[in-house]
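A structural walkthrough
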6 protein chains.
Amino acid sequence: MKAKTPDDSRTIMTDTVLPSETNPLNNLFGGELLARMDRAASIAARRHSRRITVTASVNHVAFNRAIPLGSVVTVEAAISRTFNTSMEVFIDVWIEDRFTGERSKANEAIYTFVAVDDTGKPTAIPPITPITDLEKERFEGALRRKQLSLVLAGKMKPKDATELKALFLGDS
Amino acid sequence: MKAKTPDDSRTIMTDTVLPSETNPLNNLFGGELLARMDRAASIAARRHSRRITVTASVNHVAFNRAIPLGSVVTVEAAISRTFNTSMEVFIDVWIEDRFTGERSKANEAIYTFVAVDDTGKPTAIPPITPITDLEKERFEGALRRKQLSLVLAGKMKPKDATELKALFLGDS
Amino acid sequence: MKAKTPDDSRTIMTDTVLPSETNPLNNLFGGELLARMDRAASIAARRHSRRITVTASVNHVAFNRAIPLGSVVTVEAAISRTFNTSMEVFIDVWIEDRFTGERSKANEAIYTFVAVDDTGKPTAIPPITPITDLEKERFEGALRRKQLSLVLAGKMKPKDATELKALFLGDS
Amino acid sequence: MKAKTPDDSRTIMTDTVLPSETNPLNNLFGGELLARMDRAASIAARRHSRRITVTASVNHVAFNRAIPLGSVVTVEAAISRTFNTSMEVFIDVWIEDRFTGERSKANEAIYTFVAVDDTGKPTAIPPITPITDLEKERFEGALRRKQLSLVLAGKMKPKDATELKALFLGDS
Amino acid sequence: MKAKTPDDSRTIMTDTVLPSETNPLNNLFGGELLARMDRAASIAARRHSRRITVTASVNHVAFNRAIPLGSVVTVEAAISRTFNTSMEVFIDVWIEDRFTGERSKANEAIYTFVAVDDTGKPTAIPPITPITDLEKERFEGALRRKQLSLVLAGKMKPKDATELKALFLGDS
Amino acid sequence: MKAKTPDDSRTIMTDTVLPSETNPLNNLFGGELLARMDRAASIAARRHSRRITVTASVNHVAFNRAIPLGSVVTVEAAISRTFNTSMEVFIDVWIEDRFTGERSKANEAIYTFVAVDDTGKPTAIPPITPITDLEKERFEGALRRKQLSLVLAGKMKPKDATELKALFLGDS
């Protein structure tokens, strides 16, 4: 299969925050943002693979900034790295100041999707070639995140996670 | 403040999977499950703290089992450990076989919530005392997960994460 | 078929009240509560019968207490009595005070469900054995409610409703 | 206050049945129909009283006919009788055959609403004058239903419910 | 096929405006009103044709009056003219003053629907006979609107739109 | 106020078609597409004006292509021309073939929005400078559409609509 670039799957979903999606402080529920990111990431995964795709895992997500009712929210998703039948999708969330229009980063998250056929069986997908510096950096980090994911799921022993060991041991 | 137990916050949300929540394979969207878990965990956090609570982060979540349309899904959330103003919430997801009624584990996830006052400022919460073996095990693991969360957010250097280092280095 | 107990079907659905479910006084719409109770009761009926179940009737429901926006609402449903192919489901609705956490009864309702096969034809279900005093009391009352239901639907003559006649005539 | 007629409050809500509102047999959920009827009845109560209105109770409702996905459903609500601050609302539900267009009765229900001021306090409402034979019949039956409602809520002793006693005793 | 009248398809959809349907000024979103009108018009088209119907086009719609949160909105749709396989549907939107109950026109719109068989192929529909003066006026105007629609879609040359040319040239 | 370009307001909303949004042929309801386009156009209008914006009118919209369940739909909106307090927004709708990923035009529509202050009063907005050939063409056509809109709303006499007269009369 011919390699694709992150731009081939880049998916932009701009929408506002409605009253039914907010908590008692009038900010977007964390759970609603997780669901929106999943929808955008799912489309990106489909654009890369041209297959049905299902969510396999969600990496650690931190909610550092509240997103108020009425905000314009842009969720941008693109494939950061592919493995045999799975893809890592990087998601950036932006909000705009209502008056100045200034755009600022509200969140980021990393989801993994698996491509499947109509019976739900995992299927091979095209490789990816990162182009920009940011895309290369995200591509590099993906292997470390995959090891972490396997360790956390109990499918790899911590001592075999070479990339992670290096991270925690530092120069020692 | 008087210590509470996980049972004081235990929240059970049983509901079915509707057609509008399913993907092309007729299984529950990962994003919908993330949103349901957030709602249940948010109620558990509120029951423990008696405060407004907001999602601070979501730990790594793996979706190992598909949840088909029409399934009865039970999301069960309870506080596993408290810190000054934040709480770790452990969430177990169960589904039932439609004919035998047999209940099996479909998923688990860990969310962190912060208790805030009406202006959104973090507020102190009661401590927690784990009772059962499972609750004690989850209580113990929470410190390691908090370090991992800080490292991933770039707020702690890997080499200072003593609990994690021990994990990755093992006996070596 | 082997008898079951009310605990075998007990279904707990805890959730909050969202802005899109409230009336101009910022309280939960009566109709939304009726729909939530129907979903919980339907799951209880399915758990007892392991069949597809459809709502057959709803007994008289009184809305004595308003349920404000943001409340944590627990709907608890369990089979109270079975007949050949139908089940009476008793539903208790609780709300919690946001600050003290004190739980109080907001409502109760009684729905009847019929178990059907895939073609919609009524099907036999297991009997039930009440265990607690409250369960026994609800089991006893069910026959009187069934007669009332038949009279109101014009399917039984009032003078044949022996249980009801006794109620209205008293000792006189 | 000047008397009104049932036509002054008659409310017609015609809509279709969507996939997200159906059970595994592809028929409208009982709970969804209860919620639609509540919305139509609430508008009828508001049209009669020109006040905020809240659901006070729902009489016994039987679901005799399944309403399939895609059906055109007409919910028609009108005030049948008024008391000091409350109104009985009669609701008829019709469905149409998709091919012949023949309209048939699918259901009926009776809700009671209370008119309140902006603080939630019950407020006096105009009286009603039934015009047609059907309206007169429903007006007459309302007193009997109100007694039944009070007896079921434990607010009236069965032996004081004169209208009901007559019903159950017959000519005796 | 036997001719029908506009009353045969007249569809009334009365409902309130919920918080999740409003913009920052607390008025109904234009897009929500467009969707409600489409649902009502679709039912009217189905009542006239007894076929599956799909939206073919929407004429120019002006939003002259804001519709506030909590309003009672009545959407009334009826066929104004038929062509071979398509129908023009006229939609009137009314709102009521909350206190006086006075009904006033908030909007009107014109949609065109096509009747199709189960494979999506356009199908012949019955003709229509307008009865009232308003119905006759709308029937007459439909031909001019159809020409405008064809011109705007680039399917008719402006100079062949005889009805329209007369309009723009006037007596000159 | 400094002039902006169409790119300054360009808004992209990519999402899928869910089962609850489809008609009996399993295609997206026309009304749902109208509502999605309104949301995207409203954000574009807000980005251009940095004000609250409300839908003023929708031009003629033709639905030439069905959009099947599960499709990936991209709604792209940008300001095409500004007047004193109102903006014309051009909306293009694209769908992608599920297997080849080929993108094709499904629809286009033109909405007009008015910028208002917090009291709902119309407010001046920045002018716009079209850059590309397509943007210039849309900018030019906007005046003709505005005249048509005024004529259809009865606010301009057909004989005064100079741009339109030229169109219908041709060279004559």
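Scroll up for the structure.
This write-up is about the structure you can find in this document. Counting starts from 1 at the beginning of each chain's written sequence and moves along it residue by residue. Naming scheme: in the order in which they are written, chains are lettered from A and ligands are numbered from 1. Under the rules for a predicted model, residues below a pLDDT of 70 receive no local features and side-chain atom pairs below 80 are neither given nor counted, while totals for whole chains, interfaces and linings still include all residues. In computing side-chain properties, one takes all heavy atoms of the structure into account and sets aside hydrogens as well as water.

Moving on, we get to the overall build of chain A. Helix and strand counts for chain A come out as four helices and six strands. The globule rule used for comparison is 2.2 Å times the number of residues to the exponent 0.38, while the radius of gyration itself is calculated over C-alpha atoms. The C-alpha atoms of chain A give a radius of gyration of 17 Å, which matches the 16 Å a tight globule of 172 residues would have. Along the first, second and third principal axes, the C-alpha set of chain A runs to 50 × 45 × 30 Å. Buried means the residue's accessible area, taken with a 1.4 Å probe over protein chains only, is under 20% of the maximum for its type, while exposed means over 50%, and partly exposed covers the values in between. Counting every position in chain A, which comprises 172 residues, the buried fraction comes to 56%. In these tables, accessible area is a Shrake-Rupley quantity obtained with a 1.4 Å probe, and a residue counts as shielded only by the protein chains included in the view. Accessible surface, chain A: about 7,400 Å² in total, of which carbon and sulfur atoms supply 52%. Once the 24 positive and 22 negative side-chain charges of chain A are each reduced to a mean point, those two points are 6 Å apart. Secondary structure elements are taken from DSSP: a helix is a run of H or I of four residues or more, a strand is a run of E of two residues or more, and numbering for both begins at the N terminus. Charge counting treats Lys and Arg as positive and Asp and Glu as negative, with His and both chain ends excluded. Each charge is placed at NZ for Lys, CZ for Arg, CG for Asp and CD for Glu.

The subject of this paragraph is empty space enclosed by the protein. Within this scheme a cavity is a closed region of a 1 Å grid, computed over the protein atoms alone, that accommodates a 1.4 Å probe without allowing it to escape, whereas a pocket is open but has protein on both sides within 12 Å along at least five of seven lines; lining residues each have an atom within 4 Å of a point. Grid points are joined across faces, edges and corners, and a volume is the space filled by probe spheres set on the points. Throughout the structure, instances matching the rule amount to three cavities of 30 Å³ or more. Of the volumes computed, that of the second largest cavity is approximately 90 Å³. What lines the second largest cavity is simply E:Asn59, E:His60, E:Arg145, E:Leu148, E:Ser149, E:Leu152, F:Asn59, F:His60, F:Arg145, F:Leu148, F:Ser149 and F:Leu152. Listing elements by their share of the lining of the second largest cavity, those giving two or more residues are helix H3 (133-152) of chain E together with helix H3 (133-152) of chain F. Under the scheme applied, nonpolar residues are Ala, Val, Leu, Ile, Met, Phe, Trp, Tyr, Cys and Pro; charged residues are Asp, Glu, Lys and Arg; polar residues are all the others, including Gly. In the lining of the second largest cavity, the residues fall into four nonpolar, six polar and two charged.

The term salt bridge refers to a side-chain nitrogen of Lys or Arg lying within 4 Å of a carboxyl oxygen of Asp or Glu. For the structure on display, the rule yields 78 salt bridges over all chains. We note a salt bridge from A:Glu76 to A:Arg10, for which the minimum N-O separation is 3.4 Å. Of this pair, A:Glu76 sits in strand S4 (residues 72-82) while A:Arg10 sits in the loop between helix H1 (6-9) and strand S1 (11-16), and the two are 66 residues apart along the sequence. According to the relative accessible area criterion, A:Arg10 is partly exposed, its value standing at 26%. The closest approach of N and O atoms between E:Lys105 and E:Asp92, which form a salt bridge, is 3.0 Å.

So, on to the packing of helix H2 (residues 30-49) of chain A against helix H2 (residues 30-49) of chain B. In this analysis an axis means a line fitted to C-alpha atoms, helices contributing only their contacting stretch, and an angle means the value between N-to-C directions, from 0 to 180 degrees. Put simply, H2(A) and H2(B) touch, their axes get as near as 8 Å, and they point 175° apart. Considered as vectors, H2(A) and H2(B) are oriented roughly antiparallel to each other. In contact with A:Gly30, A:Gly31, A:Leu34, A:Ala35 and A:Asp38 of H2(A), H2(B) contributes B:Gly30, B:Gly31, B:Leu34, B:Ala35 and B:Asp38. Here the contact of H2(A) with H2(B) is built from residues that sort into four nonpolar, four polar and two charged. Comment on the angle field: the value is read as roughly parallel under 35 degrees, roughly antiparallel over 145, roughly perpendicular from 65 to 115, and oblique elsewhere. Contacts: residue pairs with any heavy atoms within 4.5 Å of one another.

For the rest of this paragraph, the subject is the interface of chain A and chain B. Of the residues lining the interface, 38 residues belong to chain A; the matching set on chain B comes to 38 residues. Put simply, buried area is the surface a 1.4 Å probe can reach on two separate parts but cannot reach once they are joined, added for both. Across the interface of chain A and chain B, roughly 3,100 Å² is buried in total on both sides, 73% from carbon and sulfur atoms. Viewed at the interface, chain B and chain A are joined by zero salt bridges. We call two N or O atoms a polar contact when they sit within 3.5 Å, provided that within protein one can donate a hydrogen and the other can accept it, with sequence-adjacent residues counted only if both atoms are side-chain atoms. Remark: the boundary between chain A and chain B carries six residue pairs in polar contact (both at pLDDT 80 or more). Of all the elements in the fold, those that place two or more residues in the side of chain A that touches chain B are H2, strand S2 (52-58), strand S3 (61-62), strand S6 (103-116), helix H3 (133-152) and helix H4 (162-169) of chain A. Sorting elements by how many residues they give to the side of chain A that touches chain B places S2(A) first, with six residues. Residue classes in the side of chain A that touches chain B are distributed as 22 nonpolar, ten polar and six charged. Whether two strands pair depends on DSSP finding at least two bridges between them. Strand direction decides the pairing type here: S3(A) and strand S2 (residues 52-58) of chain B, joined by two bridges, are antiparallel. Paired with A:Ala62 across the two strands is B:Ser57, which belongs to S2(B).

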